[in-house]
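The lines below spell out each chain.
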Amino acid sequence: MQGFFSKLREGLSRFMNGRYGCDHLGMAIASLAIVCSIIASIGGWPWLSIAATVLIVVSMVRVLSRDIASRRRENDSFLALVAKPRSFFHRQKSKWENRSTKAYVRCPYCHAEFALPKGKGKLRATCPKCGQKSEHTV
Ligand SMILES: [Zn+2]
């Protein structure tokens, strides 16, 4: 049985050699396809089911593509497009994880948000963006 799986792994590895594989854009397209498929089955919309199938086919074509430079360019464009929302969610996650040790305050001059150690009382802080000093109670 182990011989079968190692042969399967070798065969798949040989098949994928020189092909692009999976990336962020591919995962996003596949995720969108799954969401479309679920909504289509709930709403009973066959056209959305067709759209999901098309998205899956596009995702598979990208995975199996040998034009690695073009796929990489597409992925880079996608990552540049979603950089701001991703950064926002990353910041929210970081704030949530550090909520017991850090207090997040806003600069009264430029409204930039920055972190201060929590539970230290009244602190005088220098804004990392504009350099103005302000007092915060944390
Ligand atoms: Zn500021």
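This report concerns the structure included in the present document. As the structure is a computational prediction, the values presented were derived from the model and not from experiment. (Residues numbered from 1 in each chain as written. Predicted model: local features only at pLDDT ≥ 70, side-chain atom pairs only at ≥ 80, totals over all residues.)

**Observations regarding helix 4 (residues 68-81)**
Reasoning step 1: The end-to-end C-alpha separation of helix 4 is 20 Å, in line with the 20 Å expected for 14 residues at 1.5 Å each.
Reasoning step 2: Across the 14 residues that make up helix 4, only a small minority, one, are buried. (Helix = DSSP H or I, 4+ residues; strand = E, 2+ residues; numbered from the N terminus. Expected span 1.5 Å × (residues − 1). Buried ≥ 20, exposed ≤ 12 C-beta atoms within 10 Å, placed from the backbone.)

**Brief notes about the environment of Ser100**
Reasoning step 1: Checked against the element boundaries, Ser100 lands in the loop between helix 5 (83-97) and strand 1 (102-106).
Reasoning step 2: For the pair Ser100 and Lys118, spaced 18 residues apart in the sequence, the C-alpha separation amounts to 7.3 Å.

**Some thoughts on the pairing of strand 1**
Reasoning step 1: The pairing of strand 1 with strand 2 (residues 113-117) spans five bridges and is antiparallel. Within strand 2, the position partnered with Lys102 by the bridge is Pro117.
Reasoning step 2: The antiparallel pairing of strand 1 with strand 2 creates a hairpin that spans six residues between the two strands, and His111 there sits at a positive phi of about 65°. (Pairing = 2+ DSSP bridges.)

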